[in-house]
Amino acid sequence: MIEVKELKKFYGNFEALKGINFSVEKGEIVGFLGPNGAGKTTTMQIITGFMSPSYGEIIIDGEKVDGFKTDLKKKIGYLPENNPIYNDLSVYDYLSFFADLKGLDNKKREIKRVAELTKIEDVIEKKIDTLSKGYKQRVGLAQAILGNPEILILDEPTTGLDPNQIIEIRNLIKELGKEKTVILSTHIMQEVEQTCERVLIINKGQIVADDKLENLKERNGRIILEVDKELPVEFFKNFGEVEKLSETKFIIKSNEDIRKEISKLCYENGILIYELKIEFDDLETTFRKLTSVEV
Ligand code: ATP
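(A) Expanded view of the site of the ligand. Within the structure, the ligand sits among 13 residues, and Gly 37, Lys 40, Thr 41, Thr 42 and Glu 81 are positioned closest to it. Within the side chain of Thr 42, a nitrogen or oxygen atom sits 2.5 Å from an oxygen atom of the ligand. Protein burial of the ligand: of its 640 Å² of free accessible surface, 62% is covered by the chains. The set of elements that each furnish at least two residues to the shell around the ligand consists of strand 2 (14-24) and helix 1 (40-47).

So, in structure tokens, the structure goes:
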């Protein structure tokens, strides 16, 4: 389990993280969503021990993260943003270098295992700078899963890939996520929709949403109603907040589907319904509203 407590980070006078809190349970795939500059990379670097926080702490399985210790390296696989791959190394040598860094003793077997999983066996002897972006990203993922860590921290894993490569990498992450705890940062909504069960949205260094994907997909529910008679808003007062769009058209705010109750009320009062539907904000609209982009 990962616990992030009151995390703050200052770059000079600039407060990039403003006291963030969240926790991730074992086995969850969490999407870490936020616009550019929101603080995703900073948070991930602190979780992985690459950077120290200015304030607050990270606790992994009950143990405080304090620098990039070997046992932490074994527990966490990290794919950094713009995956800084050493281009003049062969894929094998690159993985071998990281296997040593992580202190793995069954190196050959482990490289074979991750190469199979990420389907890079065909390019294992090639130099990294000769590979396509998609393959480079696979190599980055292979590095992250060396040693079979329980936790994967993936910073924008599909950035710069073409649509086919994106699908391949997403499927791979989903597959890996069956057994692991995954935090995946992105600013692409579809990525989260297709890969994650839970979503954290960060904006300007603050967590502005922490919820299951299905709940975030159905926010700000509203009933749209048009009838054949002029009615005062008070007519619908039992149903909650009502907005009048015209004399005969209304928006009733509700996350519950109360269309049956509304129909019954109208029927009992001899009112004919022209339109009755329920709508929710989609994830994209919710994201835009929470990160204060004009909708
Ligand atoms: P992106 O999606 O663009 O990668 P992000 O959500 O990962 O963004 P961070 O890279 O964590 O955001 O940056 C958060 C804020 O901190 C940004 O305003 C960024 O300009 C600033 N920042 C990041 N690193 C440094 C640094 N080394 N020195 C000064 N400011 C920094």
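(B) How the structure looks around the nonpolar core. Ranked by internal contacts, the top residues of the largest apolar core, which has 43 residues, are Val 91, Leu 95, Ile 120, Leu 141, Leu 146 and Leu 154. Leaving out residues up to four positions away in the same chain, Leu 95 has contacts with Ile 111, Val 114, Ile 120, Ile 124, Val 139, Ala 142, Gln 143 and Leu 146. Counting 25 residues, the second-largest nonpolar core is a separate cluster that includes Leu 7, Phe 22, Met 51 and Ile 58.

(C) Molecular detail of the environment of Glu 125. Position of Glu 125 relative to the elements: it lies in the loop between helix 4 (107-117) and helix 5 (133-145). It is 5.6 Å that separates the C-alpha atoms of Glu 125 and Ser 90, two residues lying 35 residues apart in sequence.

(D) Representation of the domain arrangement of the protein chain. Its domain assignment divides the protein chain into domain 1 (2-216) and domain 2 (219-290). Put simply, the middle of domain 1 and the middle of domain 2, counted by C-alpha atoms, are 43 Å apart. Between domain 1 and domain 2, the contact holds 14 residues from the first and seven residues from the second. Here domain 1 packs against domain 2, burying approximately 940 Å² in sum over the two surfaces, 72% of which is carbon and sulfur. Of all residues in domain 1, the largest losses of buried area upon contact with domain 2 belong to Met 189, Ile 201 and Leu 216, amounting jointly to 54% of the total for that side. Across the contact surface, domain 1 and domain 2 share one salt bridge. The interface formed by domain 1 and domain 2 contains zero residue pairs in polar contact (both at pLDDT 80 or more). Among the elements of the structure, helix 7 (189-195), strand 9 (198-203), strand 10 (206-212) and helix 8 (213-217) are those that each provide at least two residues to the side of domain 1 that touches domain 2. For the side of domain 1 that touches domain 2, a count of residues per class yields nine nonpolar, three polar and two charged.

(E) Representation of unusual backbone geometry in the model. Notably, Asp 61 is not glycine yet its phi reads approximately 45°, a positive angle. In this structure, Asp 61 sits in the loop between strand 4 (55-60) and strand 5 (63-64). According to the relative accessible area criterion, Asp 61 is partly exposed, its value standing at 38%.

(F) Broad picture of the packing of helix 5 against helix 6 (residues 163-177). The interhelical angle for the contact between helix 5 and helix 6, taken along N-to-C directions, is 15°, at an axis separation of 10 Å. Taken together, the axes of helix 5 and helix 6 are roughly parallel relative to one another. In this structure, helix 5 meets helix 6 at a crossing whose hand is right-handed. Between helix 5 and helix 6, the residues in contact are Gly 134, Gln 137, Arg 138, Leu 141 and Ile 145 and Gln 165, Glu 168, Ile 169, Leu 172, Ile 173 and Leu 176, respectively.

(G) Quick peek at helix 4. Among the residues of helix 4, those classed as buried are Glu 110, Ile 111, Val 114 and Ala 115. Each buried residue of helix 4 lies within a common arc of 130° when the element is viewed along its axis, so the set occupies one face. Facing away from the buried side of helix 4 by over 90 degrees, the exposed positions are Lys 108, Arg 109 and Lys 112. At its buried positions, helix 4 is contacted by helix 3 (91-101) and helix 5. At the exit of helix 4 stands Lys 119, carrying a positive phi of roughly 55°.

(H) Main features of the packing of aromatic side chains. Following the criterion strictly, the structure yields six aromatic pairs and no others. Between Phe 235 and Phe 236, the ring centres sit 5.1 Å apart and the planes meet at 90°, which makes this aromatic pair edge-to-face. Owing to a relative accessible area of 0%, Phe 236 belongs among the buried residues under this scheme. Grouping aromatic residues by their ring pairs yields a cluster made of Tyr 94, Phe 97 and Phe 98. We note Lys 8 situated over the ring of Tyr 55; from NZ or CZ to the ring centre the distance is 5.6 Å. In this structure, Arg 138 is placed above the aromatic ring of Tyr 135, and the distance from its NZ or CZ to the ring centre is 5.7 Å.

(I) Structural view of the layout of surface pockets. Here the second largest pocket is characterised by a volume of approximately 200 Å³. Forming the walls of the second largest pocket are 10 residues, and the residues nearest its centre are Asn 82, Asn 83, Lys 133, Gln 137 and Thr 159.

(J) Layout of the pattern of salt bridges. In the structure shown here, the tally under the stated rule is 26 salt bridges. For Asp 210, the salt bridge goes to Arg 198, with nearest N and O atoms at 3.0 Å. Linking Asp 210 in strand 10 with Arg 198 in strand 9, this pair joins segments that are 12 residues apart in sequence. Take Asp 210: its relative accessible area is 38%, and that puts it in the partly exposed class. Connected via shared salt-bridge partners are Arg 222, Lys 249, Glu 275, Lys 277, Glu 279, Asp 281 and Lys 289.

About the thresholds
- Residues numbered from 1 in each chain as written.
- Predicted model: local features only at pLDDT ≥ 70, side-chain atom pairs only at ≥ 80, totals over all residues.
- Heavy atoms only, no water.
- Near = heavy atom within 4 Å.
- Polar contact = N/O pair within 3.5 Å; in protein donor to acceptor, adjacent residues only side chain to side chain.
- Areas by Shrake-Rupley, 256 points an atom, 1.4 Å probe, with all protein chains shown as cover.
- Helix = DSSP H or I, 4+ residues; strand = E, 2+ residues; numbered from the N terminus.
- Core = buried A, V, L, I, M, F, W, Y, C linked by side-chain atoms within 4.5 Å.
- Buried < 20%, exposed > 50% of the residue type's maximum accessible area, 1.4 Å probe, protein only.
- Contact = heavy atoms within 4.5 Å.
- Domains from an automatic or database assignment.
- Buried area = accessible area lost by both parts, 1.4 Å probe.
- Salt bridge = Lys/Arg side-chain N within 4 Å of Asp/Glu carboxyl O.
- Nonpolar A, V, L, I, M, F, W, Y, C, P; charged D, E, K, R; others polar.
- Axes fitted to C-alpha atoms, helices over the stretch in contact; angles between N-to-C directions.
- Parallel < 35°, antiparallel > 145°, perpendicular 65-115°, else oblique.
- Left-handed = near helix turned anticlockwise from the far one by under 90°.
- Arc of directions from axis to C-beta.
- Phe/Tyr/Trp six-rings, centres within 6.5 Å; stacked < 30°, edge-to-face > 60°.
- Lys NZ or Arg CZ within 6 Å of the ring centre and 35° of its normal.
- 1 Å grid on protein atoms, 1.4 Å probe; cavity = no way out; pocket = protein on both sides within 12 Å on 5 of 7 lines; lining within 4 Å.
- Points joined across faces, edges and corners; volume = space filled by probe spheres on them.

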